[in-house]
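# A closer look at the structure
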Amino acid sequence: MAAVCATCSTPTHNSLYHNLPCLSSTWIERSKFRKLGLREGLGGTKGFKVSCSLDVDNGFRKKVRISGDGVGEGIEGRIVDKDEMFVDFFREAGPYFMAHRGSTFVVLISGDIADSPHLQNILMDISLLHGHGIRFVIVPGTHVQIDRALAEKGCEPKYAGSYRITDPDSHSAAIAAAGLNHFTIQAKLSPGPSLNGTRRHGSNGRWHNCVSVASGNFLGAKRRGVVNGIDHGSTGEVKKIDVDRIRENLDQGCIVLLTNLGYSSSGELLNCNTYEVATACAMALGAEKLICIIDGPILDEDGHLIRFLTLKDADKLIRRRAKQSVAAAKYVKAVTPEDESVLSANEKPYTWAPRFQNGVGFDNGNGLWANKQGFAIGGQERLSRLNGYISELAAATFVCKGGVQRVHLLDGSISGVLFKELFQRDGVGTMVASDLYEGVRMARTSDIEAIKQVLLPLEEAGILIRRTHEELLQALDSFMVMEREGHVVACAALFPFFSDKCGEVAAIAVSPECRGQGQGDKLLEYIEKKASSLGLETLFLLTTRTADWFMRRGFSECSIESIPEERQKKIDISRRSKYYTKRLLPDRSGIPLGFDENS
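I will try to describe carefully the structure that is included in this document. (Residues numbered from 1 in each chain as written. Predicted model: local features only at pLDDT ≥ 70, side-chain atom pairs only at ≥ 80, totals over all residues. Heavy atoms only, no water.)

What follows is about the overall build of the chain. The secondary structure content of the chain amounts to 17 helices and 29 strands. In the chain, which comprises 599 residues, the proportion classed as buried is 48%. (Helix = DSSP H or I, 4+ residues; strand = E, 2+ residues; numbered from the N terminus. Buried < 20%, exposed > 50% of the residue type's maximum accessible area, 1.4 Å probe, protein only.)

Put into structure tokens, the structure is as follows:
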């Protein structure tokens, strides 16, 4: 049973916020009650009673103290008014809107989701995000509809590896399914935003401009033909993606709908693998993200959500499954150069460029693309889920290796999954990406001279305090560096004060030739993650000339009293530095630091 408030006998709700009438119908942040020992906050499976006392500060800020059986010591948290929550959301989401605006996202909607009631909400959310400047290419799956149509005719679906064998019955079903998806998605994207409540803000129009959806013969294909003695019928393989025409439609404000039906040079309509189409399209366009909306989460062996996998870790995981999984074995073959044997799980992945499995190149002279090929998954392995979602993970890793910056695997049954993944730091799905902290490592003794050279311009400008060789050597364990092609191009330091649960950020410096490329942000984010891993709750810094840079990244000015006494004694008051602090949020992203502490 859920926890019950002893003051008003109201069961709490296992949701983001808990609504207790005894507290003036305001909302309690769930994150404040994690000390209760329940995985989902105050609401949970254990039965106990709590007492709530309300403290109103100046009639606005409200605090609540929770105590009672099973709670342990009292816990104090902030009460958040609904309007305040609304404002907080927009302020927190703002940077994400700015980051995503103008980006191209290829969204693969698996056949399971395309044939489910979840499709409407997903398309509604895509429409809203499209209105905020995100460019979408949608690739819907059809295998569920095709298999159902075959079953109605008393026919069994046939597969050879990852590909469907498209006989005449399957071909007709594929065309019907693709057509149904096409018109259904267009219809569901057509409704504009609700007019309810907008008239008071000056919107008096009775009609709306619906979302424009563009489609066409953007996908060139060739027959897969006879492979290992098996005739695949009208099954097609991706031959070319008309990148120029897709981009032209995206530039005109359209959402592009790309079905899995490909057009051959002889005028045939071929049934292509949805994942091959989506992955090829994402690599061809150079999309910022490939988002695969599937019918479940990616879990580890203990049943926990895998939130993040570096490209290196994903590659190792798939290679370990190569003997059990057809998709994993196909991945290894696709990314392994022909003159090399399969690497073991402990070996370092090599540099890889996509190559063709069908012997067909792509015509780069017609505004199309070359040296890219998609990754097909499907068949009995995927349908049986014998190896979980290893097929989807293999496709994601293949695409990430092929140049797409981020690949997200999302459970489409989660309401608002796109918002929850794209506009929250930790997200709710699984992301595969190149190591976010690639090139960052802890400093070594051999880095001393390079660190001095990076610091020198800022020391000469009076921005940083000069450090002697001995001082750098003594503080070396607190320094981290960013390396590029064997050269140190940036550095920073974190000095922890464990008794105060805080840490000092110092000596952030980037080589002049590398400035303006986001290296400082990368180092600061690395420092914040490092501090969280050490159990620190806040960061502080002293600065004379760079306050604006840090304020834009969440630091706020504070008094010297906010600095640990141990550090206060060493401050050179004559520099008249300003003091800034930032409270760290709990890190649940699953993103590793990506360095060897013993290196």
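Still more to cover.
The biggest cluster of nonpolar side chains holds 55 residues, and the ones touching the most others in it are Val106, Val137, Ile246 and Leu290. With nine residues, helix H7 (residues 274-285) is the largest single contributor of residues to this core. In this structure, Val107, Ile113, Ile122 and Leu418 belong to the second largest nonpolar core, which totals 28 residues. (Core = buried A, V, L, I, M, F, W, Y, C linked by side-chain atoms within 4.5 Å.)

Okay, the environment of Leu261 next. Residue position: Leu261 is located in strand S17 (residues 261-263). Residues Leu261 and Phe218 lie 43 residues apart in sequence; the distance between their C-alpha atoms is 9.8 Å.

Moving on to the pattern of salt bridges. Applying the stated criterion across every chain, the model contains 17 salt bridges. Between Glu537 and Lys501 there is a salt bridge, and its shortest N-O distance comes to 3.8 Å. Of the two residues, Glu537 is situated in the loop between helix H15 (519-533) and strand S27 (538-543) and Lys501 in the loop between strand S25 (487-497) and strand S26 (502-510); the sequence distance between them amounts to 36 residues. Classification of Glu537 by relative accessible area gives partly exposed; the value is 36%. Assessed through its relative accessible area of 43%, Lys501 is described here as partly exposed. Linked through salt bridges whose partners overlap, the residues forming this network are Lys222, Arg224 and Glu237. (Salt bridge = Lys/Arg side-chain N within 4 Å of Asp/Glu carboxyl O.)

Turning to unusual backbone geometry, a few remarks are in order. Of note in the backbone geometry, Asn228 takes a positive phi value of approximately 55° without being a glycine. Within the fold, Asn228 resides in the loop between strand S13 (226-227) and strand S14 (230-231). Given the relative accessible area of 76%, Asn228 is considered exposed. With a phi close to 55°, Ala507 is a non-glycine residue in the positive phi region. By the secondary structure assignment, Ala507 is in strand S26.

The next subject is the packing of H7 against helix H11 (residues 390-401). The interhelical angle for the contact between H7 and H11, taken along N-to-C directions, is 20°, at an axis separation of 10 Å. Regarding the angle of H7 to H11, the classification is roughly parallel. Relative to H11, the crossing made by H7 is right-handed. Along its contact with H7, which presents Tyr275, Thr279, Ala282 and Met283, the element H11 presents Glu392, Ala395, Phe398 and Val399. Of the residues contributing to the contact of H7 with H11, the split by class is six nonpolar, one polar and one charged. (Axes fitted to C-alpha atoms, helices over the stretch in contact; angles between N-to-C directions. Parallel < 35°, antiparallel > 145°, perpendicular 65-115°, else oblique. Left-handed = near helix turned anticlockwise from the far one by under 90°. Contact = heavy atoms within 4.5 Å. Nonpolar A, V, L, I, M, F, W, Y, C, P; charged D, E, K, R; others polar.)

This brings us to a nonpolar patch on the surface. A surface patch of nonpolar side chains, about 410 Å² in accessible area, is lined by Phe86, Val87, Phe89 and Phe90. Judged by relative accessible area, which is 55%, Phe86 ranks as exposed. (Patch = residues over 30% accessible without salt bridge, like charges linked within 9 Å, V, L, I, M, F, W, Y side chains within 5 Å. Areas by Shrake-Rupley, 256 points an atom, 1.4 Å probe, with all protein chains shown as cover.)

So, on to helix H6 (residues 243-251). Each α-helix winds once per 3.6 residues, and so residues spaced three or four apart point in a common direction. Listed as buried for H6 are Val243, Ile246, Asn249 and Leu250. All buried residues of H6 project into a common sector of 135° when viewed along the axis, lining one side. Looking at the buried positions of H6, the neighbouring elements they touch are strand S7 (104-109), strand S8 (135-140), strand S11 (213-214), strand S15 (235-241), strand S16 (255-257) and H7. (Arc of directions from axis to C-beta.)

One open sheet accounts for eight strands, arranged S11-S16-S8-S7-S19-S21-S22-S20; its pairing is mixed. In this open sheet, the two edge strands, each paired with only one partner strand, are S11 and strand S20 (308-310). Bridge count for S8 against S16 is two bridges, and the pairing is parallel. The partner of Ile138 across the bridge, within S16, is Leu257. Sheet strands touched by helix H5 (residues 168-189): S8, S11 and S16. Its angle to S8, the strand with the most contacts, is close to 145°. (Pairing = 2+ DSSP bridges.)

Turning our eyes to something else, we now look at the side chain of Asp147. For Asp147, the location among the structural elements is in helix H4 (residues 143-152). On the accessibility criterion, Asp147 (17% relative accessible area) is buried. Those residues in contact with Asp147, other than ones at most four positions away along the chain, are Pro157, Tyr159, Arg164 and Leu383.

Turning next to the packing of helix H9 (residues 326-335) against H11. The geometry of H9 relative to H11 is characterised by a closest axis approach of 9 Å and an angle of 15° between their N-to-C directions. As judged from the angle between their axes, H9 and H11 are roughly parallel. As for how H9 packs across H11, the hand of that crossing is right-handed. Contact with H9, carried on its side by Ala327, Ala328, Tyr331, Ala334 and Val335, involves Ile390, Ser391, Ala394, Thr397, Phe398 and Lys401 of H11 and no other residues of that element. For the contact of H9 with H11, the per-class residue count stands at eight nonpolar, two polar and one charged.

Let us now look at the environment of Ala443. The topology assignment puts Ala443 in the loop between strand S23 (440-442) and helix H13 (448-460). When near neighbours in sequence (up to four residues on either side) are disregarded, Ala443 contacts Ile451, Leu476, Phe479, Met480 and Val481.

With that settled, the discussion passes to the pairing of strand S18 (residues 269-272). Taken residue by residue, a regular strand's side chains alternate between the two faces of the sheet. Pairing of S15 with S18, which is carried by two bridges, proceeds in the parallel orientation. Within S18, the position partnered with Thr235 by the bridge is Asn271. The sheet contact formed by S17 and S18 spans three bridges and is antiparallel. Note on S18: the bridge partner recorded for Tyr263 is Leu269. Counting the residues that bridge the hairpin from S17 to S18 gives five residues, and of these Gly267 lies at a positive phi of roughly 90°.

Here we come to the sheet that holds S25. The strand order across the open sheet built from seven strands is S23-S24-S25-S26-S27-S29-S28, with neighbouring strands paired in mixed fashion. Two strands in the sheet have a free side with no partner beyond their single neighbour: S23 and strand S28 (556-558). Here the strands of the sheet are splayed against their neighbours by 35° on average, with no regard to which way each runs. Sheet contacts for H13: strand S24 (479-484), S25 and S26; angle to S25, the most-contacted strand, approximately 85°. The sheet contacts of H15 involve S23, S24, S25, S26, S27 and strand S29 (578-583), and relative to S25 the element is tilted by about 30°.

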